[in-house]
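A closer look at the structure
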Amino acid sequence: MPARKTTRRNSAAILASGIDPMDRLLAYCRAGFEAECAAELQQRAATLGVQGYARARPGDAYLSYVVSAGDVSALYRQLSLPGCLIFPRQLLLAGETLRDLAPGDRIGGLREALAGVGAVRALWLETADTNEGKALAGFCRKFTSPLCRALATDGLLRPADPTLPRLHLLVLDGSTMIPALSLPGCGSPWPMGIPRLKLPREAPSRSTLKLDEALQVLLSEAERARWLRPGMRAVDLGAAPGGWTWQLIRRHLQVVAVDNGPLQADLLDSGLVEHRREDGFRYRPRRSVDWLVCDMVEQPIRIARLAADWLYRGDCRHCIVNLKLPMKRRFQEVSRCLDVIHERLKETPHLLRVRQLYHDREEVSAYLGRVDGRD
């Protein structure tokens, strides 16, 4: 390793806070939902026989879960399974915070700190999804290339090896960062756990991005290829003005859009949309459809029962619904909705995945599908 200058203060700070072993999880979440994220991690860890505690502050948009008894790596792998967690956007294996990185020698300090991590396939500098975090985006862009070059020189950055973990640095300010790893096949494939989507100019509403993100996050690429084929039939409950219907017809599905309100005229001109001015809770398709989607503003428990009923009766094979959450006891309300779905479908093999998406606000999005070997 080439010689380099490192300040005494920098070395002392790193040695005191070292990142080996990585004894905690780092979770990114929506600002204001740290308590829900912590409660979920606490509950899931306890279920898996792991003891620990969360460190979270309201508004930070991230938290750490420190494992005091149990295998943190095994816990990470379990919780990184698709559809396992609701409130974390990204889940990582993390070490203690690196503090007091000297502004004149951040590269040197980080090289010394990261030497014990081992080789990685990529480096992502990330920020919390807050206004303060966004202000650091320029710093991250400028700092990434020189740090990558330094890690490559030290033999730590090997992008040609897909079996290696990815290194994440959560930048809290110019001298404070949290080092973390995502193992291959674990965690979100997008920086900060956020797929970057652009609002199409012709889309009827911004809500179209919620369904677009849900399809990307809640379904795998293979599942999208099998379950979203041209010519499939869908029902959109509470469709007006048509943001979710638009996502379906751009994939060439035939859609019955159910809403007493008006739809954007272009949707009807597509030849793929039938507009039914009916109550979404009373509408039933004449024959089974492939998809139900629903973004109605209603109590989440009613939407959960509605989706479960459609699947139970065989009215649809797949559905994505949005559950609007109350201001308090949000984790408990989501858990209640999931219990209702599982109870209704206890005799029906089904798959349920729930996630709070980037384009969700005080809400979560859920995929529910039948499992019967036909796909």
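Right above here is the structure, for reference.
A short tour of the structure in this document, coming up. Model, not experiment: these values are computed from the prediction.

1. Observations regarding helix 3 (residues 72-79)
Every buried residue belonging to helix 3 is among Val-72, Leu-75, Tyr-76 and Leu-79, and all of these are buried. The buried residues of helix 3 all sit within an arc of 100° when viewed along its axis, so they share a single face. Of the surrounding secondary structure, the elements contacted by the buried residues of helix 3 are strand 1 (24-28), helix 2 (34-47), strand 3 (62-69), strand 4 (90-94) and strand 7 (176-182). Structurally, the start of helix 3 carries an N-cap: the backbone nitrogen of Ser-73 is 3.0 Å from a side-chain oxygen of Asp-71.

2. Here we look at the sheet that holds strand 8 (residues 233-237)
In spatial order, the strands read 10-9-8-11-12-14-13; together these seven strands make up an open sheet with mixed pairing. Because the sheet does not close on itself, it has two edges, and the strands there are strand 10 (273-276) and strand 13 (350-355). In this sheet, neighbouring strand axes are inclined to one another by 15° on average, regardless of whether the strands run parallel or antiparallel. Summarising the sheet, strand 9 (residues 254-258) and strand 10 pair through four bridges and their orientation is parallel. Looking at the pairing, Val-256 lines up with Glu-274 of strand 10. Relative to the sheet, helix 7 (residues 208-218) contacts strand 11 (289-294), strand 12 (316-324), strand 13 and strand 14 (363-370), its axis offset from that of strand 12 by approximately 120°.

3. Focus on the sheet that holds strand 6 (residues 166-173)
Taking strand neighbours across the sheet as the criterion, the seven strands line up as 2-3-1-4-7-6-5 in an open arrangement whose pairing is mixed. Among the strands making up the open sheet, the edge pair consists of strand 2 (51-56) and strand 5 (122-126). On average, adjacent strands in this sheet sit at an angle of 30° to one another, irrespective of strand direction. Looking at chain direction, strand 2 and strand 3 are connected through six bridges and run antiparallel. By the bridge assignment, Ala-56 is partnered in strand 3 with Leu-63.

4. Describing the pairing of strand 12
Counting buried residues along strand 12, nine of its nine residues qualify, which places the element largely inside the surrounding structure. Note that strand 11 and strand 12 share five bridges and pair parallel. Looking at the pairing, Val-289 lines up with Cys-316 of strand 12. Read as a crossover between parallel neighbours, the route from strand 11 over helix 11 (residues 300-313) to strand 12 is right-handed. Here strand 12 pairs with strand 14 via seven bridges, running antiparallel. The residue of strand 14 that forms the bridge with Lys-324 is Glu-363.

5. Points about helix 11
Relative to the 20 Å expected for 14 residues at 1.5 Å per residue, helix 11 spans 20 Å between its end C-alpha atoms, a close match to the ideal helical length. Those residues of helix 11 lying buried are Pro-300, Ile-301, Ile-303, Ala-304, Leu-306, Ala-307, Ala-308, Trp-310 and Leu-311. The positive-phi residue at the C-terminal boundary of helix 11 is Gly-314, with phi of around 80°.

Thresholds, definitions, all that
- Residues numbered from 1 in each chain as written.
- Predicted model: local features only at pLDDT ≥ 70, side-chain atom pairs only at ≥ 80, totals over all residues.
- Heavy atoms only, no water.
- Buried < 20%, exposed > 50% of the residue type's maximum accessible area, 1.4 Å probe, protein only.
- Helix = DSSP H or I, 4+ residues; strand = E, 2+ residues; numbered from the N terminus.
- Arc of directions from axis to C-beta.
- Contact = heavy atoms within 4.5 Å.
- Polar contact = N/O pair within 3.5 Å; in protein donor to acceptor, adjacent residues only side chain to side chain.
- Pairing = 2+ DSSP bridges.
- Axes fitted to C-alpha atoms, helices over the stretch in contact; angles between N-to-C directions.
- Right-handed = clockwise from strand over helix to strand, strands pointing away.
- Expected span 1.5 Å × (residues − 1).

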